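Inside the fold
Listed below are the residues making up each chain.
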Amino acid sequence: MELTLWTYEGPPHVGALRIAASMEGVHYVLHAPQGDTYADLLFTMIERRDRRPPVTYTTFQARDLGGDTAELVKRSITEAVERFKPEALLVGESCTAELIQDQPGALAAGMDLGGVPMVSLDLPAYSKKENWGAAETFYQLVRGLLKDQLPAPGFTKPDPTRWRHEGRRPRVNLLGPSLLGFRCRDDVREITGLLADHGIEVNVVAPLGARPADLQRLPQADLNVCLYPEVAGPVCSWLERSFGMAVVRTVPIGVGATGEFLAELGEKLGLELALVGEADRRSRLPWYSRSVDSTYLTGKRVFIFADATHAIAAARIASQELGFTVVGLGTYSREQAREVRAAAQELGLEALISDDYLVVEKAMAEAAPELVLGTQMERHSAKRLGLPCAVISSPLHVQDVPARYSPQMGWEGANVIFDSWVHPLMMGLEEHLIGMFRHDFEFVDGHLSHLEGASAPAAAATGAPKAAALPSVEAGAPAAAANGIAHGPGASHDSNALFTAGSVQAGGGQELGLQWSASGEAELSRIPFFVRGKVRRNTETYARDRGVSTITEEVLYDAKAHFSR
(Lines give C-alpha, C1' and ligand atoms only; values in the text may rest on other atoms or scores of the structure.)
Protein backbone atom coordinates (compact mmCIF):
# COMPACT_ATOMS: atom_id res chain seq x y z
CA MET A 1 0.00 0.00 0.00
CA GLU A 2 1.26 3.46 -0.92
CA LEU A 3 0.41 6.44 1.24
CA THR A 4 0.14 9.89 -0.30
CA LEU A 5 -0.66 13.43 0.77
CA TRP A 6 -2.67 14.44 -2.28
CA THR A 7 -4.59 12.67 -5.02
CA TYR A 8 -5.66 14.03 -8.39
CA GLU A 9 -8.93 12.12 -8.25
CA GLY A 10 -11.08 10.73 -5.48
CA PRO A 11 -12.77 7.30 -5.56
CA PRO A 12 -15.51 6.72 -8.16
CA HIS A 13 -18.38 7.34 -5.74
CA VAL A 14 -17.20 10.97 -5.54
CA GLY A 15 -17.66 11.16 -9.31
CA ALA A 16 -21.20 9.82 -8.89
CA LEU A 17 -21.80 12.43 -6.24
CA ARG A 18 -20.67 15.14 -8.66
CA ILE A 19 -23.34 14.06 -11.15
CA ALA A 20 -26.06 13.94 -8.50
CA ALA A 21 -25.10 17.34 -7.12
CA SER A 22 -24.92 18.86 -10.62
CA MET A 23 -28.48 17.88 -11.48
CA GLU A 24 -31.91 18.83 -10.15
CA GLY A 25 -34.41 16.24 -8.96
CA VAL A 26 -31.80 13.49 -8.51
CA HIS A 27 -30.98 11.91 -5.13
CA TYR A 28 -28.08 9.62 -4.27
CA VAL A 29 -28.26 6.99 -1.52
CA LEU A 30 -24.70 6.07 -0.64
CA HIS A 31 -23.94 3.05 1.51
CA ALA A 32 -20.96 4.36 3.48
CA PRO A 33 -19.47 4.24 6.98
CA GLN A 34 -18.71 7.18 9.20
CA GLY A 35 -15.74 8.97 7.69
CA ASP A 36 -16.77 8.52 4.06
CA THR A 37 -19.16 11.48 4.28
CA TYR A 38 -16.48 14.12 3.72
CA ALA A 39 -17.58 14.73 0.13
CA ASP A 40 -20.11 17.37 1.26
CA LEU A 41 -17.21 19.74 1.90
CA LEU A 42 -16.15 19.61 -1.73
CA PHE A 43 -19.28 21.45 -2.76
CA THR A 44 -19.90 23.76 0.17
CA MET A 45 -16.27 24.87 0.56
CA ILE A 46 -14.72 24.62 -2.90
CA GLU A 47 -17.75 25.28 -5.11
CA ARG A 48 -19.13 27.67 -2.46
CA ARG A 49 -22.65 26.36 -2.93
CA ASP A 50 -25.43 27.41 -0.59
CA ARG A 51 -26.79 23.88 -0.19
CA ARG A 52 -25.57 20.40 0.58
CA PRO A 53 -25.35 17.84 -2.20
CA PRO A 54 -28.46 15.61 -2.57
CA VAL A 55 -27.06 12.53 -0.86
CA THR A 56 -28.25 10.28 1.96
CA TYR A 57 -25.55 8.28 3.71
CA THR A 58 -26.34 5.05 5.51
CA THR A 59 -23.46 5.95 7.84
CA PHE A 60 -23.02 2.54 9.39
CA GLN A 61 -20.68 2.24 12.36
CA ALA A 62 -18.37 -0.48 13.58
CA ARG A 63 -21.00 -1.91 15.91
CA ASP A 64 -23.42 -2.26 12.96
CA LEU A 65 -21.15 -4.77 11.26
CA GLY A 66 -22.26 -7.42 13.71
CA GLY A 67 -25.90 -6.89 12.72
CA ASP A 68 -27.87 -6.49 9.50
CA THR A 69 -26.39 -3.59 7.52
CA ALA A 70 -28.57 -4.58 4.55
CA GLU A 71 -31.64 -3.59 6.54
CA LEU A 72 -29.99 -0.25 7.24
CA VAL A 73 -29.62 0.25 3.47
CA LYS A 74 -33.29 -0.47 2.77
CA ARG A 75 -34.42 1.80 5.58
CA SER A 76 -32.24 4.65 4.28
CA ILE A 77 -33.63 4.23 0.74
CA THR A 78 -37.23 4.28 1.97
CA GLU A 79 -36.65 7.38 4.08
CA ALA A 80 -34.86 9.20 1.25
CA VAL A 81 -37.69 8.55 -1.23
CA GLU A 82 -40.35 9.65 1.27
CA ARG A 83 -38.48 12.77 2.35
CA PHE A 84 -36.94 14.09 -0.88
CA LYS A 85 -39.41 12.70 -3.47
CA PRO A 86 -36.72 12.46 -6.17
CA GLU A 87 -37.42 12.26 -9.88
CA ALA A 88 -34.62 9.70 -10.18
CA LEU A 89 -32.70 7.75 -7.55
CA LEU A 90 -29.04 6.69 -7.62
CA VAL A 91 -27.97 3.88 -5.28
CA GLY A 92 -24.34 2.93 -4.70
CA GLU A 93 -21.62 2.29 -2.15
CA SER A 94 -18.37 3.87 -1.08
CA CYS A 95 -14.98 2.21 -1.35
CA THR A 96 -15.14 1.03 2.28
CA ALA A 97 -18.71 -0.26 2.05
CA GLU A 98 -17.80 -2.24 -1.07
CA LEU A 99 -15.78 -4.58 1.14
CA ILE A 100 -18.82 -5.86 3.07
CA GLN A 101 -20.70 -6.68 -0.16
CA ASP A 102 -24.21 -5.61 0.82
CA GLN A 103 -24.99 -4.79 -2.84
CA PRO A 104 -27.31 -1.83 -2.14
CA GLY A 105 -28.37 -1.57 -5.79
CA ALA A 106 -29.74 -5.10 -5.78
CA LEU A 107 -31.58 -4.37 -2.52
CA ALA A 108 -33.14 -1.24 -4.02
CA ALA A 109 -34.21 -3.14 -7.14
CA GLY A 110 -36.38 -5.40 -5.01
CA MET A 111 -38.13 -2.53 -3.22
CA ASP A 112 -41.31 -0.64 -4.05
CA LEU A 113 -40.08 2.90 -4.77
CA GLY A 114 -43.41 4.26 -5.93
CA GLY A 115 -42.44 4.42 -9.59
CA VAL A 116 -39.26 6.44 -9.03
CA PRO A 117 -36.63 5.46 -11.65
CA MET A 118 -33.68 3.84 -9.90
CA VAL A 119 -30.15 3.42 -11.23
CA SER A 120 -27.88 0.94 -9.47
CA LEU A 121 -24.25 2.05 -9.60
CA ASP A 122 -21.56 -0.61 -9.69
CA LEU A 123 -18.40 1.45 -9.36
CA PRO A 124 -15.26 -0.61 -8.66
CA ALA A 125 -13.54 1.56 -6.09
CA TYR A 126 -10.17 -0.14 -6.16
CA SER A 127 -9.56 -0.07 -9.90
CA LYS A 128 -11.33 3.13 -11.06
CA LYS A 129 -11.36 6.75 -9.98
CA GLU A 130 -13.45 9.91 -9.82
CA ASN A 131 -13.72 10.98 -13.46
CA TRP A 132 -14.52 7.44 -14.54
CA GLY A 133 -17.18 7.29 -11.80
CA ALA A 134 -18.73 10.53 -13.04
CA ALA A 135 -18.76 9.33 -16.65
CA GLU A 136 -20.20 5.92 -15.71
CA THR A 137 -22.91 7.47 -13.52
CA PHE A 138 -23.95 9.92 -16.24
CA TYR A 139 -23.96 7.11 -18.81
CA GLN A 140 -26.05 4.75 -16.67
CA LEU A 141 -28.51 7.51 -15.82
CA VAL A 142 -29.01 8.54 -19.46
CA ARG A 143 -29.25 4.95 -20.62
CA GLY A 144 -31.78 4.06 -17.91
CA LEU A 145 -34.01 7.04 -18.62
CA LEU A 146 -33.94 6.56 -22.42
CA LYS A 147 -34.41 2.80 -22.54
CA ASP A 148 -38.08 3.17 -23.54
CA GLN A 149 -37.15 5.44 -26.47
CA LEU A 150 -34.58 3.17 -28.08
CA PRO A 151 -35.28 2.85 -31.82
CA ALA A 152 -35.77 -0.56 -33.37
CA PRO A 153 -32.77 -2.34 -34.93
CA GLY A 154 -32.02 -1.17 -38.47
CA PHE A 155 -33.51 2.29 -37.94
CA THR A 156 -32.61 5.16 -40.25
CA LYS A 157 -30.21 7.58 -38.62
CA PRO A 158 -31.63 11.07 -38.22
CA ASP A 159 -30.25 13.73 -40.54
CA PRO A 160 -28.54 16.57 -38.59
CA THR A 161 -29.79 18.98 -41.26
CA ARG A 162 -33.47 18.07 -40.75
CA TRP A 163 -34.03 21.38 -39.00
CA ARG A 164 -34.30 23.02 -42.42
CA HIS A 165 -37.25 20.84 -43.48
CA GLU A 166 -38.92 21.26 -40.09
CA GLY A 167 -38.77 25.06 -40.35
CA ARG A 168 -36.88 25.70 -37.12
CA ARG A 169 -33.42 26.59 -35.87
CA PRO A 170 -30.84 23.84 -35.37
CA ARG A 171 -30.69 22.40 -31.83
CA VAL A 172 -27.73 20.86 -30.00
CA ASN A 173 -27.04 19.31 -26.58
CA LEU A 174 -24.09 20.50 -24.50
CA LEU A 175 -22.86 17.45 -22.59
CA GLY A 176 -20.28 17.04 -19.86
CA PRO A 177 -20.27 20.16 -17.62
CA SER A 178 -20.50 19.31 -13.93
CA LEU A 179 -19.73 20.67 -10.50
CA LEU A 180 -16.06 20.48 -9.51
CA GLY A 181 -15.18 20.68 -13.18
CA PHE A 182 -12.95 23.56 -14.24
CA ARG A 183 -15.01 26.72 -14.96
CA CYS A 184 -17.91 24.64 -16.32
CA ARG A 185 -20.57 27.14 -15.27
CA ASP A 186 -18.94 29.95 -17.24
CA ASP A 187 -18.04 27.72 -20.19
CA VAL A 188 -21.70 26.79 -20.63
CA ARG A 189 -22.70 30.45 -20.61
CA GLU A 190 -19.99 31.35 -23.11
CA ILE A 191 -20.75 28.53 -25.56
CA THR A 192 -24.51 29.07 -25.28
CA GLY A 193 -24.02 32.71 -26.27
CA LEU A 194 -21.60 31.77 -29.03
CA LEU A 195 -24.09 29.33 -30.53
CA ALA A 196 -26.92 31.85 -30.24
CA ASP A 197 -24.84 34.37 -32.20
CA HIS A 198 -24.81 31.86 -35.06
CA GLY A 199 -28.48 30.95 -34.87
CA ILE A 200 -28.08 27.64 -33.00
CA GLU A 201 -30.26 26.76 -30.02
CA VAL A 202 -29.26 24.69 -27.01
CA ASN A 203 -31.69 21.86 -26.39
CA VAL A 204 -30.28 20.41 -23.14
CA VAL A 205 -27.24 21.12 -20.98
CA ALA A 206 -26.36 18.06 -18.90
CA PRO A 207 -25.57 17.04 -16.28
CA LEU A 208 -25.10 20.60 -14.93
CA GLY A 209 -28.55 22.04 -14.15
CA ALA A 210 -30.51 19.27 -15.89
CA ARG A 211 -33.46 17.30 -14.52
CA PRO A 212 -34.22 13.65 -15.36
CA ALA A 213 -36.96 14.85 -17.72
CA ASP A 214 -34.35 16.90 -19.60
CA LEU A 215 -32.29 13.78 -20.21
CA GLN A 216 -35.34 12.19 -21.80
CA ARG A 217 -35.33 15.08 -24.33
CA LEU A 218 -31.77 14.46 -25.51
CA PRO A 219 -32.82 12.70 -28.77
CA GLN A 220 -34.75 15.82 -29.83
CA ALA A 221 -31.49 17.61 -30.65
CA ASP A 222 -29.87 17.49 -34.06
CA LEU A 223 -26.49 16.58 -32.61
CA ASN A 224 -24.48 16.43 -29.38
CA VAL A 225 -21.53 18.60 -28.38
CA CYS A 226 -19.03 16.72 -26.21
CA LEU A 227 -17.65 19.62 -24.17
CA TYR A 228 -15.88 17.51 -21.54
CA PRO A 229 -14.88 14.04 -22.79
CA GLU A 230 -13.87 12.88 -19.29
CA VAL A 231 -17.55 13.01 -18.28
CA ALA A 232 -19.56 12.93 -21.52
CA GLY A 233 -17.47 10.69 -23.77
CA PRO A 234 -19.33 7.41 -23.04
CA VAL A 235 -22.76 9.08 -23.26
CA CYS A 236 -21.99 10.70 -26.62
CA SER A 237 -20.72 7.41 -28.03
CA TRP A 238 -23.80 5.54 -26.80
CA LEU A 239 -26.21 8.13 -28.22
CA GLU A 240 -24.34 7.95 -31.52
CA ARG A 241 -24.62 4.16 -31.65
CA SER A 242 -28.15 3.81 -30.29
CA PHE A 243 -29.91 6.89 -31.69
CA GLY A 244 -27.65 7.79 -34.62
CA MET A 245 -26.93 11.25 -33.19
CA ALA A 246 -23.91 13.00 -34.68
CA VAL A 247 -21.27 14.28 -32.26
CA VAL A 248 -19.05 17.36 -32.33
CA ARG A 249 -15.90 16.40 -30.43
CA THR A 250 -13.75 19.50 -30.97
CA VAL A 251 -13.36 21.19 -27.58
CA PRO A 252 -13.46 24.98 -28.10
CA ILE A 253 -10.58 26.02 -25.83
CA GLY A 254 -8.32 28.52 -27.56
CA VAL A 255 -8.70 30.64 -30.65
CA GLY A 256 -7.85 27.91 -33.15
CA ALA A 257 -10.00 25.27 -31.49
CA THR A 258 -12.97 27.65 -31.21
CA GLY A 259 -12.79 28.35 -34.92
CA GLU A 260 -12.56 24.62 -35.70
CA PHE A 261 -15.45 23.94 -33.32
CA LEU A 262 -17.70 26.36 -35.19
CA ALA A 263 -16.55 25.01 -38.55
CA GLU A 264 -17.34 21.43 -37.47
CA LEU A 265 -20.76 22.51 -36.21
CA GLY A 266 -21.53 24.28 -39.46
CA GLU A 267 -20.43 21.31 -41.55
CA LYS A 268 -22.50 18.74 -39.64
CA LEU A 269 -25.58 20.95 -39.38
CA GLY A 270 -25.37 22.10 -43.00
CA LEU A 271 -25.20 25.66 -41.74
CA GLU A 272 -23.13 28.38 -43.38
CA LEU A 273 -21.36 30.29 -40.61
CA ALA A 274 -19.66 33.64 -41.27
CA LEU A 275 -16.37 32.97 -39.47
CA VAL A 276 -13.97 35.22 -41.39
CA GLY A 277 -12.47 37.75 -39.00
CA GLU A 278 -14.54 36.61 -36.02
CA ALA A 279 -11.51 35.65 -33.94
CA ASP A 280 -9.99 39.13 -34.34
CA ARG A 281 -13.28 40.79 -33.43
CA ARG A 282 -13.99 38.66 -30.37
CA SER A 283 -10.58 37.92 -28.83
CA ARG A 284 -7.49 39.96 -27.98
CA LEU A 285 -5.14 36.98 -28.19
CA PRO A 286 -4.70 36.95 -32.01
CA TRP A 287 -3.87 40.64 -32.05
CA TYR A 288 -1.33 40.33 -29.27
CA SER A 289 0.30 37.28 -30.84
CA ARG A 290 0.99 39.38 -33.94
CA SER A 291 2.28 42.39 -32.00
CA VAL A 292 5.91 43.28 -31.36
CA ASP A 293 5.35 43.03 -27.61
CA SER A 294 4.63 39.33 -27.91
CA THR A 295 8.08 38.49 -29.23
CA TYR A 296 9.57 38.25 -25.75
CA LEU A 297 7.23 35.30 -25.10
CA THR A 298 8.63 33.33 -28.03
CA GLY A 299 10.35 30.18 -26.91
CA LYS A 300 9.40 30.47 -23.24
CA ARG A 301 9.53 27.00 -21.74
CA VAL A 302 6.20 25.71 -20.42
CA PHE A 303 5.38 22.49 -18.54
CA ILE A 304 1.77 21.24 -18.78
CA PHE A 305 0.03 18.65 -16.60
CA ALA A 306 -3.75 18.48 -16.23
CA ASP A 307 -6.78 16.42 -17.14
CA ALA A 308 -6.60 15.25 -20.74
CA THR A 309 -9.03 17.82 -22.18
CA HIS A 310 -7.28 20.85 -20.74
CA ALA A 311 -3.75 19.47 -21.17
CA ILE A 312 -4.22 18.90 -24.91
CA ALA A 313 -5.87 22.29 -25.36
CA ALA A 314 -3.13 24.04 -23.37
CA ALA A 315 -0.39 22.39 -25.42
CA ARG A 316 -1.98 23.61 -28.64
CA ILE A 317 -2.48 27.17 -27.37
CA ALA A 318 1.03 27.36 -25.95
CA SER A 319 2.79 26.04 -29.03
CA GLN A 320 0.63 27.44 -31.84
CA GLU A 321 -0.95 30.62 -30.49
CA LEU A 322 1.55 32.05 -28.01
CA GLY A 323 4.84 30.75 -29.40
CA PHE A 324 5.90 28.97 -26.21
CA THR A 325 8.09 25.88 -26.22
CA VAL A 326 6.33 22.98 -24.51
CA VAL A 327 8.96 21.05 -22.53
CA GLY A 328 6.60 18.70 -20.72
CA LEU A 329 3.07 17.38 -21.29
CA GLY A 330 1.13 14.89 -19.23
CA THR A 331 -2.12 13.90 -17.58
CA TYR A 332 -3.55 11.91 -14.71
CA SER A 333 -6.54 10.90 -16.88
CA ARG A 334 -5.54 7.37 -17.83
CA GLU A 335 -8.77 6.85 -19.80
CA GLN A 336 -7.60 9.53 -22.28
CA ALA A 337 -3.89 8.68 -22.17
CA ARG A 338 -3.81 7.76 -25.87
CA GLU A 339 -4.97 11.22 -26.93
CA VAL A 340 -2.40 12.93 -24.70
CA ARG A 341 0.39 10.71 -25.99
CA ALA A 342 -0.56 11.64 -29.55
CA ALA A 343 -0.49 15.36 -28.69
CA ALA A 344 2.89 14.98 -27.00
CA GLN A 345 4.31 13.08 -29.96
CA GLU A 346 3.41 15.96 -32.27
CA LEU A 347 5.56 18.18 -30.05
CA GLY A 348 8.45 15.72 -29.99
CA LEU A 349 7.80 14.79 -26.36
CA GLU A 350 7.02 11.66 -24.41
CA ALA A 351 3.81 12.13 -22.44
CA LEU A 352 3.87 11.74 -18.67
CA ILE A 353 0.90 9.60 -17.57
CA SER A 354 0.83 9.42 -13.79
CA ASP A 355 -1.34 10.06 -10.76
CA ASP A 356 1.65 10.55 -8.43
CA TYR A 357 2.22 14.25 -7.85
CA LEU A 358 5.80 13.62 -6.66
CA VAL A 359 6.64 12.01 -10.01
CA VAL A 360 5.13 15.04 -11.74
CA GLU A 361 7.09 17.41 -9.51
CA LYS A 362 10.34 15.64 -10.31
CA ALA A 363 9.63 15.82 -14.05
CA MET A 364 8.78 19.51 -13.65
CA ALA A 365 12.08 20.22 -11.89
CA GLU A 366 14.08 18.34 -14.52
CA ALA A 367 12.35 20.23 -17.36
CA ALA A 368 13.19 23.57 -15.69
CA PRO A 369 10.30 25.47 -17.29
CA GLU A 370 9.63 29.17 -17.04
CA LEU A 371 5.88 28.66 -16.63
CA VAL A 372 3.82 25.76 -15.27
CA LEU A 373 0.23 25.08 -16.39
CA GLY A 374 -1.38 22.49 -14.15
CA THR A 375 -3.69 21.63 -11.30
CA GLN A 376 -3.74 22.69 -7.67
CA MET A 377 -0.95 20.18 -7.01
CA GLU A 378 1.33 21.67 -9.67
CA ARG A 379 0.75 25.09 -8.15
CA HIS A 380 2.15 23.87 -4.82
CA SER A 381 5.07 22.11 -6.52
CA ALA A 382 5.82 25.20 -8.59
CA LYS A 383 5.95 27.32 -5.45
CA ARG A 384 8.57 25.01 -3.98
CA LEU A 385 10.60 25.27 -7.19
CA GLY A 386 10.24 29.04 -7.49
CA LEU A 387 8.19 28.92 -10.68
CA PRO A 388 4.99 30.74 -11.68
CA CYS A 389 1.96 28.53 -12.26
CA ALA A 390 -1.50 29.01 -13.74
CA VAL A 391 -4.16 26.45 -12.77
CA ILE A 392 -5.94 25.16 -15.88
CA SER A 393 -7.72 22.03 -14.66
CA SER A 394 -9.29 20.18 -11.77
CA PRO A 395 -8.43 19.28 -9.06
CA LEU A 396 -8.76 22.84 -7.93
CA HIS A 397 -8.94 25.08 -4.89
CA VAL A 398 -11.60 27.58 -3.90
CA GLN A 399 -9.46 30.35 -5.42
CA ASP A 400 -9.93 28.65 -8.80
CA VAL A 401 -13.73 29.03 -8.57
CA PRO A 402 -14.05 32.79 -9.09
CA ALA A 403 -17.28 34.61 -8.42
CA ARG A 404 -16.73 36.65 -11.58
CA TYR A 405 -17.33 35.45 -15.12
CA SER A 406 -14.18 33.60 -16.13
CA PRO A 407 -14.68 30.96 -18.86
CA GLN A 408 -12.00 28.90 -20.58
CA MET A 409 -13.96 28.13 -23.74
CA GLY A 410 -14.88 30.32 -26.69
CA TRP A 411 -13.54 33.75 -27.60
CA GLU A 412 -13.83 35.20 -24.11
CA GLY A 413 -12.19 32.07 -22.74
CA ALA A 414 -9.19 32.80 -24.98
CA ASN A 415 -8.98 36.27 -23.38
CA VAL A 416 -9.07 34.78 -19.88
CA ILE A 417 -6.38 32.26 -20.78
CA PHE A 418 -4.23 35.01 -22.29
CA ASP A 419 -4.39 37.01 -19.05
CA SER A 420 -3.84 34.01 -16.80
CA TRP A 421 -0.81 32.71 -18.66
CA VAL A 422 0.95 35.85 -19.87
CA HIS A 423 0.67 38.06 -16.81
CA PRO A 424 2.96 35.92 -14.62
CA LEU A 425 5.68 36.26 -17.25
CA MET A 426 5.08 40.00 -17.61
CA MET A 427 5.22 40.50 -13.86
CA GLY A 428 8.42 38.47 -13.77
CA LEU A 429 10.00 40.89 -16.25
CA GLU A 430 8.85 43.83 -14.16
CA GLU A 431 10.36 42.39 -10.99
CA HIS A 432 13.64 41.76 -12.78
CA LEU A 433 13.83 45.31 -14.14
CA ILE A 434 13.10 46.76 -10.72
CA GLY A 435 15.85 44.63 -9.24
CA MET A 436 18.33 45.40 -12.01
CA PHE A 437 17.85 49.19 -11.82
CA ARG A 438 17.38 49.44 -8.06
CA HIS A 439 20.59 51.47 -7.89
CA ASP A 440 19.19 54.08 -10.29
CA PHE A 441 18.42 57.53 -8.88
CA GLU A 442 14.68 56.94 -9.18
CA PHE A 443 14.92 54.11 -6.67
CA VAL A 444 17.08 55.81 -4.06
CA ASP A 445 15.67 56.47 -0.63
CA GLY A 446 13.44 59.50 -0.56
CA HIS A 447 12.68 59.70 -4.26
CA LEU A 448 9.01 60.27 -5.03
CA SER A 449 7.28 58.42 -7.82
CA HIS A 450 4.40 59.79 -9.91
CA LEU A 451 2.17 58.98 -6.90
CA GLU A 452 2.64 62.00 -4.67
CA GLY A 453 3.92 61.01 -1.26
CA ALA A 454 4.90 57.49 -2.26
CA SER A 455 7.89 56.10 -0.42
CA ALA A 456 10.88 54.39 -1.94
CA PRO A 457 10.91 50.61 -2.12
CA ALA A 458 11.59 48.96 1.18
CA ALA A 459 14.51 47.09 -0.28
CA ALA A 460 16.20 50.33 -1.25
CA ALA A 461 15.45 51.87 2.12
CA THR A 462 17.12 49.02 3.94
CA GLY A 463 20.12 49.13 1.69
CA ALA A 464 19.43 45.84 -0.06
CA PRO A 465 22.16 45.01 -2.56
CA LYS A 466 21.41 45.49 -6.18
CA ALA A 467 20.90 42.47 -8.42
CA ALA A 468 24.23 42.28 -10.21
CA ALA A 469 24.95 40.29 -13.32
CA LEU A 470 28.03 38.29 -14.16
CA PRO A 471 30.66 40.06 -16.27
CA SER A 472 29.17 40.62 -19.67
CA VAL A 473 30.36 39.01 -22.85
CA GLU A 474 29.18 41.92 -24.91
CA ALA A 475 28.53 45.47 -23.89
CA GLY A 476 25.26 45.70 -21.99
CA ALA A 477 24.63 41.95 -22.03
CA PRO A 478 24.61 39.91 -18.83
CA ALA A 479 27.12 37.10 -18.67
CA ALA A 480 24.25 34.64 -18.57
CA ALA A 481 23.78 35.34 -22.26
CA ALA A 482 27.10 33.63 -22.85
CA ASN A 483 25.44 30.40 -21.81
CA GLY A 484 23.22 30.54 -24.86
CA ILE A 485 20.28 32.43 -23.36
CA ALA A 486 18.10 34.87 -25.27
CA HIS A 487 16.87 37.97 -23.48
CA GLY A 488 13.32 37.82 -22.16
CA PRO A 489 11.35 37.68 -18.97
CA GLY A 490 11.40 34.61 -16.90
CA ALA A 491 9.22 32.85 -14.58
CA SER A 492 9.77 33.23 -10.91
CA HIS A 493 7.65 35.46 -8.72
CA ASP A 494 10.54 35.55 -6.26
CA SER A 495 13.63 37.23 -7.65
CA ASN A 496 15.66 35.64 -4.85
CA ALA A 497 14.52 32.08 -5.65
CA LEU A 498 17.52 29.78 -6.13
CA PHE A 499 16.95 27.07 -8.70
CA THR A 500 19.97 24.86 -8.10
CA ALA A 501 20.72 21.17 -8.13
CA GLY A 502 19.67 21.13 -4.50
CA SER A 503 16.20 22.34 -5.45
CA VAL A 504 15.73 19.26 -7.60
CA GLN A 505 15.73 17.31 -4.38
CA ALA A 506 12.19 18.54 -3.73
CA GLY A 507 11.13 16.74 -6.85
CA GLY A 508 12.49 13.40 -5.85
CA GLY A 509 16.24 13.46 -5.23
CA GLN A 510 19.35 15.49 -5.93
CA GLU A 511 20.65 15.13 -9.45
CA LEU A 512 23.62 12.77 -9.76
CA GLY A 513 25.22 13.97 -6.52
CA LEU A 514 25.94 17.48 -7.82
CA GLN A 515 26.37 20.04 -5.08
CA TRP A 516 26.63 23.80 -5.13
CA SER A 517 29.12 25.44 -2.81
CA ALA A 518 28.22 28.55 -0.88
CA SER A 519 30.27 30.70 -3.27
CA GLY A 520 28.62 29.06 -6.29
CA GLU A 521 25.13 29.61 -4.91
CA ALA A 522 25.93 33.20 -4.03
CA GLU A 523 27.19 33.92 -7.54
CA LEU A 524 24.21 32.13 -9.09
CA SER A 525 21.81 34.23 -7.02
CA ARG A 526 23.26 37.41 -8.54
CA ILE A 527 22.21 36.35 -12.02
CA PRO A 528 18.84 37.79 -13.17
CA PHE A 529 16.23 35.27 -12.15
CA PHE A 530 14.67 34.97 -15.59
CA VAL A 531 17.84 33.38 -17.00
CA ARG A 532 19.03 31.72 -13.80
CA GLY A 533 17.45 28.38 -14.66
CA LYS A 534 19.29 28.17 -17.99
CA VAL A 535 22.59 29.15 -16.37
CA ARG A 536 22.08 26.48 -13.71
CA ARG A 537 21.38 23.78 -16.31
CA ASN A 538 24.36 24.71 -18.48
CA THR A 539 26.70 24.86 -15.50
CA GLU A 540 25.56 21.47 -14.20
CA THR A 541 25.98 19.97 -17.68
CA TYR A 542 29.50 21.41 -17.83
CA ALA A 543 30.33 20.01 -14.37
CA ARG A 544 28.91 16.57 -15.16
CA ASP A 545 30.86 16.29 -18.41
CA ARG A 546 34.08 17.00 -16.53
CA GLY A 547 33.40 14.87 -13.49
CA VAL A 548 33.12 17.84 -11.14
CA SER A 549 30.90 17.08 -8.13
CA THR A 550 30.95 20.45 -6.37
CA ILE A 551 30.10 23.59 -8.31
CA THR A 552 32.03 26.59 -7.03
CA GLU A 553 32.18 30.18 -8.21
CA GLU A 554 35.16 29.25 -10.40
CA VAL A 555 33.30 26.38 -12.05
CA LEU A 556 30.40 28.74 -12.83
CA TYR A 557 32.79 31.16 -14.56
CA ASP A 558 34.54 28.33 -16.41
CA ALA A 559 31.16 27.17 -17.70
CA LYS A 560 30.37 30.72 -18.76
CA ALA A 561 33.60 30.92 -20.70
CA HIS A 562 32.98 27.51 -22.28
CA PHE A 563 29.50 28.34 -23.55
CA SER A 564 30.50 31.81 -24.75
CA ARG A 565 32.90 30.30 -27.30
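Residues numbered from 1 in each chain as written. Predicted model: local features only at pLDDT ≥ 70, side-chain atom pairs only at ≥ 80, totals over all residues. Heavy atoms only, no water.

**Some thoughts on the confidence of the model for the protein chain**
Heads up, the rule is: One number per residue, pLDDT, summarises how confident the predictor is, and it ranges from 0 to 100. Any pair of residues with heavy atoms lying within 4.5 Å of one another is described as a contacting pair.
Predicted confidence across the protein chain gives a mean pLDDT of 82, with 79% of residues reaching 70 or more. Here residues 441-511 scores under 50 on pLDDT; set against residues more than four positions off or in separate chains, the count is 142 contacts.

**Let's talk about the environment of Ile191**
For the record, the criterion: Secondary structure counts use DSSP, requiring at least four H or I residues in a row for a helix and at least two E residues in a row for a strand, with both numbered from the N terminus.
Within the secondary structure, Ile191 is located in helix H6 (residues 184-197). When sequence neighbours within four positions are dropped, the list of residues in contact with Ile191 reads Leu174, Pro252, Phe261, Met409 and Gly410.

**Points about the pairing of strand S1 (residues 26-31)**
To keep things clear, this is the line we draw: Exposed residues in this analysis have more than 50% of their type's maximum accessible area, buried residues have under 20%, and partly exposed residues fall in between, with area computed by a 1.4 Å probe over protein chains only. Following DSSP output, two strands are said to pair if at least two bridges run between them.
Of all 6 residues that make up S1, 6 are buried, and the element is covered over most of its length. Where S1 meets strand S3 (residues 88-93), 6 bridges bridge the pair, whose relative direction is parallel. Pairing of Val26 across the sheet is with Ala88, part of S3. The pairing of S1 with strand S2 (residues 55-57) spans 3 bridges and is classified as parallel. Across the sheet, residue Tyr28 finds its bridge partner in S2, namely Val55.

**Some points on the packing of aromatic side chains**
Stated formally: Working definition: a ring pair exists when centres of Phe, Tyr or Trp rings (six-membered ring for Trp) sit within 6.5 Å. Plane angles under 30 degrees give stacked, over 60 give edge-to-face, the rest tilted. Cation placement over rings: the criterion is NZ of Lys or CZ of Arg within 6 Å of the ring centroid and within 35° of the ring normal.
Taken as a whole, this structure holds 4 aromatic pairs when the rule is applied. Here Tyr8 and Tyr332 contribute two aromatic rings whose centre-to-centre distance is 5.0 Å and whose plane-to-plane angle is 15 degrees, an arrangement assigned as stacked. Pair noted here: Tyr8 is in the segment before helix H1 (12-22) and Tyr332 is in the loop between strand S10 (325-331) and helix H13 (337-346), with a separation of 324 residues, a long-range link. Exposure remark for Tyr332: the relative accessible area of 4% places this residue in the buried category. Geometry around Tyr405 places Arg189 over its ring, the cationic atom sitting 3.8 Å from the centre.

**Side note on the sheet that holds S10**
Using the following cut-off: Angles run from 0 to 180 degrees between N-to-C directions of axes, and those axes are lines fitted to C-alpha atoms, restricted for helices to the stretch in contact.
In space, the 5 strands of this open sheet follow the order S11-S10-S9-S12-S13, with parallel pairing throughout. Taken across any chain shown, the strands that pair with only one partner, and hence form the sheet edges, are strand S11 (352-353) and strand S13 (389-391). In the sheet, strand S12 (residues 371-374) pairs with S13 via 3 bridges, with the strands oriented parallel. Looking across to S13, one finds that Val372 is bridged to Cys389. Taken strand by strand, helix H14 (residues 357-367) contacts strand S9 (301-306), S10, S11 and S12, and its axis lies near 170 degrees from that of S9. Helix H15 (residues 376-385) rests against S9, S12 and S13 of the sheet, and its axis sits at about 170 degrees to S13.

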